[in-house]
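# Analysis of the macromolecular model
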Amino acid sequence: CIDHYMKDVHLTSLKTKRELSKSALNITTIIISPEKISQTTHSTITINFQVLQPIKNIVFGISINSLDTIRIGETRNIRNHIPITSLEPGKYQISCTITLPSLLPSTYNIGIGARSSNNTSLDYIPEAGNVIVTGNNKKYKDPWLEELSGFMTIPAQWTKPKQV
């Protein structure tokens, strides 16, 4: 896990420590900016990658995980109707802007990967960096008003009590 608090995460050093695969696609750099967000702001994840041979039907994915590797959720470029039908050899960049309105304040791990439509893994970085979701850090005297626990808030509508 790479921790760079309060600044962008540039993973060039991680990539040089990893053995470059002979895959048709290699993720070369990842930038998470900003790394520290609130529940009402967003973060942009930029993925630089190199294609070594022609590839068809590529899918990029980003997962949000707890620090103890529990997958909370994920997004893929195809979900936004942004298909990548083919890429020729060269250097490329793709970005994804995420908002995490339901996540409770904590540090979360970002996993990033790419695969082809036939489920062939092209490159995968399970611990690509962290994003920190901040809260109001307000301390309450009444235990009923304290911060929620867990990973996320559950969208719900409560009613007022009514006599039955």
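Conventions adopted
- Residues numbered from 1 in each chain as written.
- Predicted model: local features only at pLDDT ≥ 70, side-chain atom pairs only at ≥ 80, totals over all residues.
- Heavy atoms only, no water.
- pLDDT = per-residue confidence, 0-100.
- Contact = heavy atoms within 4.5 Å.
- Salt bridge = Lys/Arg side-chain N within 4 Å of Asp/Glu carboxyl O.
- Buried < 20%, exposed > 50% of the residue type's maximum accessible area, 1.4 Å probe, protein only.
- Core = buried A, V, L, I, M, F, W, Y, C linked by side-chain atoms within 4.5 Å.
- Helix = DSSP H or I, 4+ residues; strand = E, 2+ residues; numbered from the N terminus.

### Comments concerning the confidence of the model for the protein
- Looking at the protein, the pLDDT average stands at 78 and 77% of residues meet or exceed 70.
- Within the model, the stretch residues 1–17 combines pLDDT values under 50 with 42 contacts to residues more than four positions away or in other chains.

### Some remarks on the pattern of salt bridges
- Counted according to the given criterion, the structure contains two salt bridges.
- With its nearest N and O atoms 3.0 Å apart, the salt bridge here joins Glu74 to Arg76.
- Here Arg76 falls in the partly exposed class, since its relative accessible area comes to 25%.
- The structure contains a network of salt bridges with shared partners spanning Arg71, Glu74 and Arg76.

### Observations regarding the nonpolar core
- Of all hydrophobic cores here, the largest spans 32 residues; its most connected members are Leu25, Ile45, Phe60 and Ile112.
- Taken together, the elements giving at least two residues each to this core come down to β2 (25–33), β4 (42–51), β5 (55–65), β7 (84–87), β8 (90–99), β9 (106–116) and β10 (121–134).

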